[in-house]
Amino acid sequence: MTSAARALPFAAATIIALLATGCAQQPPKTVIKEVRVQVPVQVPVVAPTDNAARIVLNLNDRLRQMSPLELAQEVAPRDDASLPPGTAVQLALALMFSHANGETFRAQTLLDQVLRDARPEADEWRPMAQFLVDRVAEQRRMEGELDKGRLAREDLQRRLDDANRKLEALKAIERSLGGPRSALDKP
C-alpha cells in the first residue's frame, strides 16, 4: 500500500473523530413551547374618596388662577338643589373662592345637602364635603369678624366726623363773636 493510500483512512478517521468531538461539545437543543408562571402583582386600588380628593385639589388649583370674571361665570346661579354630589362639592369650593356677598352661605347649603344625601354616589364625596364644611364655617367666622371690624371702623369714622363738625361749628361761633376775648377786655 502506498503512503497515500494509508493516509486516506487515517485522514478519514481523523475527520470522523473531529466531527464526533465537535458534535459532542454542543449541548443538546431544548425546545420550550410554553411556560406559565403565576406572579402576584400588587395593583394599587384607588379609593373613591381619593378620586374625589384629586378632583377637588385640581379644581382648587384651577380656581386660584381664574380671573374674577371667570370665577363669577363658574358660580353663576343655577338650581343647586338638583346637583349631583360631586358637582355640588365643586360648586361649593368655587363659591368659597368668589367672596361675593352670601356665597359662603350658599356653599354651606350645598355641602350640607351632600352630607345629608343618601344616594350611594354621595358616599365618596362626604369626607371632602365635611372637610369643606369646616373650612366654610371658619371662613364665615372670619368674614363675620371682618364685618364687625368694618362696622366698628365706620362707627368710629362717623363719630370722628361728628366731632370735627362740632369743632368747626364752635370755631365759627367764636369767629362770629369777634374772636377770643382777652382777660383785659372782660368787664
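Because the structure is predicted, anything quoted here is derived from the model rather than measured. (Residues numbered from 1 in each chain as written. Predicted model: local features only at pLDDT ≥ 70, side-chain atom pairs only at ≥ 80, totals over all residues. Heavy atoms only, no water.)

Asks: Which residues make up the environment of Pro48, and what values go with them?
Replies: Following the sequence through the fold, Pro48 ends up in helix H2 (residues 48-64). Distance from Pro48 to Glu121, taken between C-alpha atoms, is 9.5 Å for residues 73 residues apart in sequence. (Helix = DSSP H or I, 4+ residues; strand = E, 2+ residues; numbered from the N terminus.)

Asks: Got a sec to walk through the side chain of Gln139? Specific residues and values, please.
Replies: Among the secondary structure elements, Gln139 is positioned in helix H6 (residues 126-176). With relative accessibility at 15%, the residue Gln139 sits in the buried group. Dropping the residues within four chain positions of it, Gln139 is found in contact with Met96, His99 and Thr104. (Buried < 20%, exposed > 50% of the residue type's maximum accessible area, 1.4 Å probe, protein only. Contact = heavy atoms within 4.5 Å.)

Asks: Please provide a residue-by-residue account of the pattern of salt bridges, values included.
Replies: Per the counting criterion, the structure on display carries 14 salt bridges. The closest approach of N and O atoms between Glu74 and Arg62, which form a salt bridge, is 3.1 Å. Separated by 12 residues along the polypeptide, Glu74 in helix H3 (residues 68-74) and Arg62 in helix H2 bring together distant segments of the chain. Classification of Glu74 as partly exposed rests on a relative accessible area of 27%. Taking relative accessible area as the criterion, Arg62 reaches 41% and is therefore assigned partly exposed. Residues Arg119 and Asp117 are paired through a salt bridge, measuring 2.7 Å at the closest nitrogen-oxygen approach. (Salt bridge = Lys/Arg side-chain N within 4 Å of Asp/Glu carboxyl O.)

Asks: Describe the nonpolar core, with residues and values.
Replies: Counting 26 residues, the largest nonpolar core has Leu63, Val89, Leu93, Leu110, Leu111 and Leu132 as the members making the most contacts within it. Taken together, the elements giving at least two residues each to this core come down to H2, helix H4 (85-98), helix H5 (103-116) and H6. Residue contributions to this core peak at 8 residues, all from H4. Sequence-distant contacts of Leu93, defined by excluding residues within four places in its chain, comprise Val56, Leu59, Asn60, Leu63 and Leu132. (Core = buried A, V, L, I, M, F, W, Y, C linked by side-chain atoms within 4.5 Å.)

Asks: Break down the confidence of the model for the protein chain for me, citing the residues and quoting the values.
Replies: Scored by pLDDT, the protein chain has a mean of 83; 81% of the residues are at 70 or more. When the elements of the protein chain are averaged for pLDDT, helix H1 (residues 3-25) gives the smallest value, 63, and H6 the largest, 92. (pLDDT = per-residue confidence, 0-100.)

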